Amino acid sequence: MRILLTGATGIVGTEVTGRLRATAPPGTALVRTARRRTPDPLVRWDMGAGPVPPELTGPWDVIVHTAASTRWTLSRAEAADANIRPLRAVLGLAGPETHVVHVSTAYVGGVRNPEDLRGPEFEGYRNGYEWSKAVCEEIVTTEHRGPVTVIRPPLIMGSRADGRISRFSGPYTLFPALVSGLAAVVVGDPDGYAEISPLDEVADAVVAAALGPAPDAPRTETLAAGAASLRLSTLVEISCAAINDFRTAHGAGPVAVPPTVSTESWNRFFLPLARQWLSPVQQQAVDLLAMFQSYTSMAEPFAPTRPVRDPGEVMAVSVRHWARSRPRQALASPSPWTLVGGGDGA
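Model, not experiment: these values are computed from the prediction.

### Brief notes about the nonpolar core
Part 1 of the reasoning: Ranked by size, the top nonpolar core spans 65 residues in total, and within it V16, V64, F175, V206, I243, M315 and W322 carry the most contacts.
Part 2 of the reasoning: Here I243 is in contact with F175, L178, V179, V255, V319, W322 and A330, once residues within four sequence places are set aside.

Right, dumping it as structure tokens:
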């Protein structure tokens with residue numbers, strides 16, 4: 001069996017790489033983007049822009065495509081260049097019998113609303129990443145002639161046992177914001193659903209698909225807790241409790257659990273008034289947290305095919321690992337919002 005893995009140095013790809021190196025047969029090729037330089041034997045390929053390296057000549061029995069840019073701030077053109085173009089290049093290596101395992105996102109199947117955030121630019125999806133992954137799913141399931149498995153994880157946290165993850169991004173922006181005071185409020189529905197999955201279980205799903213029998217028809221695997229998913233208020237409480245446990249153990253005072261403001265009230269009343277007083281750093285934090293919070297106050301949870309158990313413990317373990325890895329951030333002194341310019345006391 002010949003297996004090709006893209007994105008071998010990404011968050012999911014790193015975890016999948018370790019498993020494939022231990023279990024996959026000879027002939028497995030691991031690809032990383034040419035933009036990253038690391039001292040390893042992985043094949044470098046700028047997918048869709050550079051020529052195909054000779055080591056990647058097919059045919060391949062399985063192609064596992066984890067490579068992607070997950071930034072929520074991508075423009076439409078940037079998202080197409082970062083995610084859609086590389087997928088088409090990878091599919092060019094697939095034969096009619098190749099089983100393509102494509103890592104997408106659970107939010108492709110979520111509710112679309114053109115009024116949400118940058119929805120009109122992205123056809124109702126919340127950002128360029130989400131939009132591009134939806135396009136990629138359509139491409140891989142309709143244009144590839146062979147078997148396809150789509151893996152849809154929600155927000156990815158650290159491994160269940162110890163919170164380990166190769167780098168902190170996406171939902172991890174919440175933790176330093178809670179400590180620093182930049183997250184003065186949490187915007188969203190406190191009873192809304194917040195779907196997360198531990199990294200190791202995402203990797204397990206990918207490897208199981210790659211090494212298992214190919215499906216007769218396109219198959220979609222969704223990782224989620226479903227009705228057992230965290231609520232937004234619980235997620236924030238767990239995060240603050242884990243941070244405060246670490247701070248207490250190191251002699252630092254606790255951080256307060258921020259109040260929750262509904263998205264409608266925040267966007268209609270508070271934000272227009274607040275923006276004239278926010279510093280540039282505070283405005284950037286507000287924008288980034290708004291993107292994150294839209295994912296953590298969903299009206300309905302996902303319907304999982306691979307259920308995630310006890311997501312609260314996954315969240316706590318992930319926060320504790322972040323705090324141990326970033327002690328200066330975790331132990332920082334909160335700086336509440338202050339007025340800047342244009343008013344008394346500024």
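### Here we look at helix α9 (residues 311–325)
Part 1 of the reasoning: With 15 residues, α9 should reach 21 Å at 1.5 Å per residue; the first-to-last C-alpha distance of 21 Å fits that figure.
Part 2 of the reasoning: Counting buried residues in α9 gives 11 out of 15 residues, a clear majority hidden from the surface.
Part 3 of the reasoning: By the burial criterion, the buried members of α9 are P311, G312, V314, M315, A316, V317, S318, V319, H321, W322 and A323.
Part 4 of the reasoning: The secondary structure elements touched by the buried residues of α9 are β7 (155–157), α4 (174–180), β10 (196–198), β12 (230–231), α6 (232–249) and α10 (327–330).

### Some points on the packing of aromatic side chains
Part 1 of the reasoning: The final tally for this structure, using the stated rule, is seven aromatic pairs.
Part 2 of the reasoning: On the numbers, 5.0 Å between centres and 50° between planes, the contact of F168 with Y172 is tilted.
Part 3 of the reasoning: For F168, a relative accessible area of 21% gives the class partly exposed.
Part 4 of the reasoning: With centroids separated by 5.6 Å and ring planes inclined at 55°, the aromatic side chains of F175 and W322 adopt a geometry described as tilted. Of the two residues, F175 is situated in helix α4 and W322 in helix α9; the sequence distance between them amounts to 147 residues.

### Section: the environment of P304
Part 1 of the reasoning: Relative to the helices and strands, P304 resides in the loop between α8 (280–293) and β14 (306–307).
Part 2 of the reasoning: Taking the relative accessible area as the measure of exposure, P304 reaches 30% and is therefore partly exposed.
Part 3 of the reasoning: For the pair formed by P304 and A224, sequence separation is 80 residues and the distance between their alpha carbons is 5.0 Å.
Part 4 of the reasoning: Non-local contacts of P304, meaning those with residues more than four positions away in its chain, are made with T222, A224 and G226.

### Thoughts on the side chain of S318
Part 1 of the reasoning: Summarising the element assignment, S318 is placed in helix α9.
Part 2 of the reasoning: Here S318 falls in the buried class, since its relative accessible area comes to 0%.
Part 3 of the reasoning: Apart from the residues within four sequence positions on either side, S318 is in contact with M157, G158, G163 and Y172.

### A short note on the pairing of strand β6 (residues 148–152)
Part 1 of the reasoning: Summarising burial for β6: five of the five residues are buried, a large majority.
Part 2 of the reasoning: Across the two faces of β6 the burial is the same, with V148, V150 and R152 and T149 and I151 all buried.
Part 3 of the reasoning: As paired elements, strand β5 (residues 99–103) and β6 share four bridges and run parallel to each other. The residue bridging V103 from the neighbouring strand is I151, located in β6.

### So, the packing of α6 against α9
Part 1 of the reasoning: Orientation of α6 relative to α9, taken along the N-to-C sense of each, is 40°, at an axis distance of 9 Å. The orientation of α6 relative to α9 falls into the category oblique. α9 is crossed by α6, and the crossing has right-handed handedness. On the side of α6, the interface is formed by L235, I238, S239, A242, I243 and F246, while α9 contributes G312, M315, A316, V319, R320, W322, A323 and R324.

### Notes on unusual backbone geometry
Part 1 of the reasoning: Its identity as a non-glycine residue notwithstanding, D310 has a phi of 45°, on the positive side.
Part 2 of the reasoning: Within the secondary structure, D310 is located in the loop between β14 and α9.
Part 3 of the reasoning: A relative accessible area of 46% means that D310 is categorised as partly exposed.

### Focus on the environment of S159
Part 1 of the reasoning: Structurally, S159 is set in the loop between β7 and α4.
Part 2 of the reasoning: Here S159 falls in the buried class, since its relative accessible area comes to 4%.
Part 3 of the reasoning: A sequence separation of 39 residues divides S159 from P198, and the C-alpha atoms of the two residues are 4.9 Å apart.
Part 4 of the reasoning: Beyond its immediate sequence surroundings of up to four residues, S159 is in contact with E15, R164, P198, L199, D200 and V317.

### As for the packing of helix α2 (residues 76–91) against helix α3 (residues 128–143)
Part 1 of the reasoning: Running from amino to carboxyl end, α2 crosses α3 at an angle of 25°, the nearest separation of the two axes being 9 Å. Taken together, the axes of α2 and α3 are roughly parallel relative to one another. α2 and α3 meet at a crossing whose hand is right-handed. Counted together, R76, A79, A80, N83, I84, L87, R88 and L91 of α2 and G128, Y129, W131, S132, K133, V135, C136, I139, V140 and E143 of α3 form the full contact between these two elements.

### Comments concerning α3
Part 1 of the reasoning: The first and last C-alpha atoms of α3 sit 22 Å apart over 16 residues, in line with the 22 Å expected at 1.5 Å per residue.
Part 2 of the reasoning: Of all the residues in α3, the buried ones are G128, Y129, E130, W131, S132, K133, A134, C136, E137, I139 and V140.
Part 3 of the reasoning: Capping the start of α3, N127 holds a side-chain oxygen 3.3 Å from the backbone nitrogen of Y129, two or three residues further along.

The rules behind the values
Residues numbered from 1 in each chain as written. Predicted model: local features only at pLDDT ≥ 70, side-chain atom pairs only at ≥ 80, totals over all residues. Heavy atoms only, no water. Core = buried A, V, L, I, M, F, W, Y, C linked by side-chain atoms within 4.5 Å. Buried < 20%, exposed > 50% of the residue type's maximum accessible area, 1.4 Å probe, protein only. Contact = heavy atoms within 4.5 Å. Helix = DSSP H or I, 4+ residues; strand = E, 2+ residues; numbered from the N terminus. Expected span 1.5 Å × (residues − 1). Phe/Tyr/Trp six-rings, centres within 6.5 Å; stacked < 30°, edge-to-face > 60°. Pairing = 2+ DSSP bridges. Axes fitted to C-alpha atoms, helices over the stretch in contact; angles between N-to-C directions. Parallel < 35°, antiparallel > 145°, perpendicular 65-115°, else oblique. Left-handed = near helix turned anticlockwise from the far one by under 90°. Polar contact = N/O pair within 3.5 Å; in protein donor to acceptor, adjacent residues only side chain to side chain.

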